[in-house]
Amino acid sequence: QVQVVESGGGLVQAGGSLRLSCAVSGRTSGINSLGWFRQAPGKEREFVGAITWGGGRTTYANFVKDRFSMSRDNAKSSVTLQMNSLKPEDTAVYYCAIRTGLLVNTEARYYAYWGQGTQVTVSS
């Protein structure tokens, strides 16, 4: 089993920044990648980005490129999502999730372990 816990959400004004963290524990040896997803009220969960657990290679959704970035700390088994130039449309619950299968995937159904999510609210 793998446990995932997000932290760092909050309220920020448009143009501001937030840093989310995802702490991973348990059987981390089988992890292939960690993904960030978000879900706004009334909308489907959408892919934000992912990072490979071993090599640290990142993939981002087009709508967050050049604004969001991910980094990992293997010693602490954690991943950080740095979000800059936030917009009101970035308001959502942000989740991190673990994929054990090969290759990075942008679809939520391919991620086996999920955190409870952390709320990010961007005011205009």
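What you see is a predicted model, and the numbers here were worked out from it, not measured in a lab.

Q: Looking at this structure, how should I read the overall build of the protein?
A: Scanning the protein from N- to C-terminus turns up 0 helices and 11 strands. Mapped in sequence order, the helices and strands of the protein form the string β-β-β-β-β-β-β-β-β-β-β. A compact globule built from 124 residues should have a C-alpha radius of gyration of about 14 Å, and the protein, at 13 Å, falls within 12% of that. A principal-axis box enclosing the C-alpha atoms of the protein has dimensions of 40 × 30 × 25 Å. Within the protein, buried positions represent 42% of all 124 residues. Taking the contacts inside the protein whose residues are at least 6 apart along the sequence as the reference set, 55% of them involve residues at least 24 apart. In the form shown here, the protein has an accessible surface area of approximately 6500 Å², with 46% of it arising from carbon and sulfur atoms. When the 13 positive and 8 negative side-chain charges of the protein are each reduced to one mean point, those points stand 6 Å apart.

Q: Looking at this model, I keep getting lost on the nonpolar core. Mind explaining?
A: Generally speaking, a soluble globular protein has its nonpolar side chains buried in company with each other. If you look at the biggest cluster of nonpolar residues, it comprises 34 residues, and the most contacted ones within it are V24, L34, W36, F68, L81, M83 and Y94. Those elements that place two or more of their residues in this core are strand 1 (2-7), strand 3 (18-26), strand 4 (33-39), strand 5 (46-52), strand 7 (68-73), strand 8 (78-83), strand 9 (92-99) and strand 11 (118-123). When residues of this core are assigned to their parent elements, the largest contribution, 5 residues, is made by strand 9. The residues contacting F68, other than those within four sequence positions of it, are R38, V48, Y60, L81, Q82, M83, N84, L86, D90 and Y94.

Q: Would you mind showing me how to read the side chain of T52 here?
A: Looking at the element boundaries, T52 is found in strand 5. At 3.0 Å, the side chain of T52 forms a polar contact with the backbone nitrogen of G56.

Criteria and cut-off values
Residues numbered from 1 in each chain as written. Predicted model: local features only at pLDDT ≥ 70, side-chain atom pairs only at ≥ 80, totals over all residues. Heavy atoms only, no water. Helix = DSSP H or I, 4+ residues; strand = E, 2+ residues; numbered from the N terminus. Rg over C-alpha atoms; globule rule 2.2 N^0.38 Å. Buried < 20%, exposed > 50% of the residue type's maximum accessible area, 1.4 Å probe, protein only. Contact = heavy atoms within 4.5 Å. Areas by Shrake-Rupley, 256 points an atom, 1.4 Å probe, with all protein chains shown as cover. Lys, Arg positive; Asp, Glu negative; His and termini not counted. Charge placed at Lys NZ, Arg CZ, Asp CG, Glu CD. Core = buried A, V, L, I, M, F, W, Y, C linked by side-chain atoms within 4.5 Å. Polar contact = N/O pair within 3.5 Å; in protein donor to acceptor, adjacent residues only side chain to side chain.

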